[in-house]
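Understanding the architecture of this molecule
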Amino acid sequence: MNARTDVAIVGAGPAGLLLSHLLHLNGVESVVLESRSREYVESRVRAGVLEHPTAELLREVGLGERMDREGLVHAGISLRFDGADHRIGFDELLGKTITVYGQQEVVKDLVAARLRDGGQVEFEVADTAVHDIGDDAPWVSYVDAQGEGRRLDCAVVAGCDGFHGVTRGAVPSARLRVFDRRYPFAWLGILAKARPLHEELVYARHARGFALCSMRSPQITRLYLQVGADETVEQWPDDRVWEELTARLAVDGRGTVNVGDVLDKGVTAMRSFVAVPLRHGRLFLAGDAAHIVPPTGAKGMNLAIADVSLLARALTALLRTGRADLADSYSDTALRRVWRAEHFSWFMTSMLHSTGDEFDEQLALSQLRYIAGSTAAATSLAENYVGLPFA
Ligand code: FAD
Ligand code: DHB
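Residues numbered from 1 in each chain as written. Chains lettered and ligands numbered in written order. Predicted model: local features only at pLDDT ≥ 70, side-chain atom pairs only at ≥ 80, totals over all residues. Heavy atoms only, no water.

1. A closer look at the sheet that holds strand β14 (residues 177-193)
Taken together, the eight strands give an open sheet; going across it, the order is β7-β6-β15-β16-β17-β14-β18-β21, and neighbouring strands pair in mixed fashion. At either end of the open sheet lies a strand with only one pairing partner, and these are β7 (84-89) and β21 (291-292). Sheet topology note: the strand β6 (residues 76-81)/β7 ladder contains six bridges and is antiparallel. Opposite Ile77, over in β7, you have Ile88 as the bridge partner. Packed on one face of the sheet, helix α7 (residues 238-248) meets β14, β15 (201-204), β16 (211-215), β17 (220-228) and β18 (261-276) and runs near 90 degrees to β17. (Pairing = 2+ DSSP bridges. Helix = DSSP H or I, 4+ residues; strand = E, 2+ residues; numbered from the N terminus. Contact = heavy atoms within 4.5 Å. Axes fitted to C-alpha atoms, helices over the stretch in contact; angles between N-to-C directions.)

2. Some points on the packing of aromatic side chains
A full pass over the atoms with the stated rule returns 11 aromatic pairs. Taking the centre distance of 6.5 Å and the plane angle of 80 degrees together, the rings of Phe344 and Tyr385 count as edge-to-face. Of this pair, Phe344 sits in helix α9 (residues 325-352) while Tyr385 is found in helix α11 (residues 375-386), placing the two residues 41 residues apart along the sequence. Take Tyr385: its relative accessible area is 1%, and that puts it in the buried class. An aromatic cluster is present here, built from Phe90, Trp187, Tyr203, Phe210, Tyr224, Phe344, Phe347 and Tyr385 joined pairwise through their rings. Its end group placed over the ring of Trp236, Arg240 keeps NZ or CZ at 3.6 Å from the ring centre. (Phe/Tyr/Trp six-rings, centres within 6.5 Å; stacked < 30°, edge-to-face > 60°. Buried < 20%, exposed > 50% of the residue type's maximum accessible area, 1.4 Å probe, protein only. Lys NZ or Arg CZ within 6 Å of the ring centre and 35° of its normal.)

3. A word on the site of ligand 1
Among the 31 residues in the neighbourhood of ligand 1, the closest are listed as Ala15, Glu34, Arg44, Gln103 and Asp288. Here an oxygen atom of ligand 1 sits 2.9 Å away from a polar atom, N or O, in the main chain of Ala15. A distance of 3.4 Å is found between an oxygen atom of ligand 1 and a backbone nitrogen or oxygen belonging to Met301. Sorting the residues of the shell around ligand 1 by element identifies α1 (14-25) and α8 (300-321) as the ones contributing at least two each. Looking at the shell around ligand 1 element by element, the count peaks at three residues for α8. (Near = heavy atom within 4 Å. Polar contact = N/O pair within 3.5 Å; in protein donor to acceptor, adjacent residues only side chain to side chain.)

4. Description of the packing of α9 against α11
One can describe the packing of α9 onto α11 by two numbers: an axis separation of 10 Å at closest approach and a directional angle of 120 degrees. Taken together, α9 and α11 sit at an angle that is classed as oblique. When the axes of α9 and α11 are compared, the crossing they make is left-handed. On the side of α9, the interface is formed by Arg340, Phe344, Phe347, Met348 and Met351, while α11 contributes Leu381, Asn384 and Tyr385. (Parallel < 35°, antiparallel > 145°, perpendicular 65-115°, else oblique. Left-handed = near helix turned anticlockwise from the far one by under 90°.)

5. Focus: the nonpolar core
Generally speaking, soluble globular proteins have nonpolar side chains that are buried together. Of all hydrophobic cores here, the largest spans 77 residues; its most connected members are Val7, Ile9, Leu18, Leu19, Leu23 and Tyr330. Among the elements that take part in this core, α8 stands out by supplying 12 residues, more than any other. Counting 34 residues, the second largest nonpolar core, distinct from the first, contains Val49, Phe210, Met351 and Ala377. (Core = buried A, V, L, I, M, F, W, Y, C linked by side-chain atoms within 4.5 Å.)

6. Regarding the site of ligand 2
Neighbouring ligand 2 are 15 residues, the closest being Tyr203, Ser214, Arg216, Tyr224 and Pro295. For ligand 2, an oxygen atom lies 2.7 Å from a polar atom in the side chain of Tyr203. Here an oxygen atom of ligand 2 sits 2.6 Å away from a polar atom, N or O, in the side chain of Ser214. If ligand 2 stood free it would expose 290 Å²; the protein chains cover 97% of that surface. Within the residue set of the shell around ligand 2, elements represented by two or more residues are β15, β16 and β17. Looking at the shell around ligand 2, its residues break down into nine nonpolar, three polar and three charged. (Areas by Shrake-Rupley, 256 points an atom, 1.4 Å probe, with all protein chains shown as cover. Nonpolar A, V, L, I, M, F, W, Y, C, P; charged D, E, K, R; others polar.)

7. Observations regarding α11
When the terminal C-alpha atoms of α11 are compared, their 16 Å separation across 12 residues agrees well with the 16 Å that a helix rising 1.5 Å per residue should span. The backbone nitrogen of Ala376 has a side-chain oxygen 3.3 Å away, supplied by the residue at the start of α11, namely Ser374. Downstream of α11 by a residue or two, Gly387 has a phi angle that is positive, lying close to 100 degrees. (Expected span 1.5 Å × (residues − 1).)

8. Examining α7
Among the residues making up α7, those that are buried are Val241, Trp242, Glu244, Leu245 and Arg248. Within α7, the buried residues cover an arc of 165 degrees as seen down the axis, which keeps them to one side. In α7, the exposed residues that point more than 90 degrees away from the buried face are Asp239 and Glu243. The inward-facing, buried residues of α7 contact β14, β15, β16, β17 and β18. (Arc of directions from axis to C-beta.)

9. What to know about the pattern of salt bridges
Following the criterion strictly, the structure yields 29 salt bridges and no others. Across the pair Glu231 and Arg240 runs a salt bridge whose closest N-O atoms are separated by 3.9 Å. Residue classification places Arg240 among the partly exposed positions, given a relative accessible area of 36%. A single network of salt bridges, built from pairs that share partners, joins Glu65, Arg66, Arg69, Glu70, Glu105, Lys108 and Asp109. (Salt bridge = Lys/Arg side-chain N within 4 Å of Asp/Glu carboxyl O.)

That is the geometry; function is a separate question.
Right, dumping it as structure tokens:
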């Protein structure tokens, strides 16, 4: 069966859902195709930090109500090293804040808004494929949840299907330039029913490796541990997790971590990756489909949201008035912000993780001490962490 829409959006993560919502506000129709179930995307535990401009945008477009009620506004973070905490105060340095609000909560709010507004989001589709992106009449084929083959004709395809999606692969490899960096470690993410050790996030550099204490509420903590690149969850039974967190987050030899029931545990690979350009004919890539960062700077979801705020404006101009300049400049404009976040994420990752290399260790400690002692250095970190302006 055939159908038609203005923008065929592949992927119902933060990028695809927000793009669909923004286009709707601008009077542009879209259909979102998602391979997973609604329950799955709404419960996938991932990122948790919303930058200042991200929270502002969500409020502006009518998605801030629950975030403002349930999200935790933080005015700073702490860097823990040399056995002490060094606070970076976003409030006093910049007059800005971040909001701790889980990615799956953002996704729930987006799905609810799309369905309330009559938006079309098709879950549990299979075999998605993108066709004729070099022509004026691209289309997407897929098998719907009932097992029926479908064809969706459109003016534009938005590839918002994450790093392992199919849209990036629709671009001829000779036309795609890829920048890729792997790291010799990964993150073990833990969600636990326990009080966070501090009211703000604590990023710790320790000889045994990096540790991070974040949260989802005053009763639920989100913790991360640097582990080996090839390690699996099975190698990290709960007792070992708590022992390691206690050691890496100790101050003056005293444990600071509150132990509780583990609710979720998973390993996330660490990689920096950018595929350019973000536009190929009638296909526009956004979010993880085009670029990923190691999570140390808390940038992944924020970048996805920044991309689609630009893309929604560009596609609205293109499809409603025929104005092509914003669509033509989308890739270059978005990539300037992407590369800033790539640098910041690499910088935070290198400064906070241990590789066992003694020279790197001294460089990292020197950088941390400089940030702790210099308002200029702390302000630079703060400015990047709370997020640079979108446009
Ligand atoms: P995604 O959220 O990946 O959404 C893409 C969607 O497309 C998915 O729902 C997927 O099911 C769907 N899809 C894929 N293929 C197809 C297809 N062929 N057809 C239809 N649909 C398809 N960032 C942080 O800042 N901090 C973190 O702690 C953190 N943890 C993470 C943990 C994991 C396991 C992962 C994978 C990422 C993590 N990130 C983290 C990164 C952050 O979550 C992402 O940057 C963010 O989700 C990007 O949003 P997106 O919409 O671009 O992509
Ligand atoms: C969280 C994730 C991050 O990658 C980060 O840098 C800070 C917090 C979180 O999930 O809360």
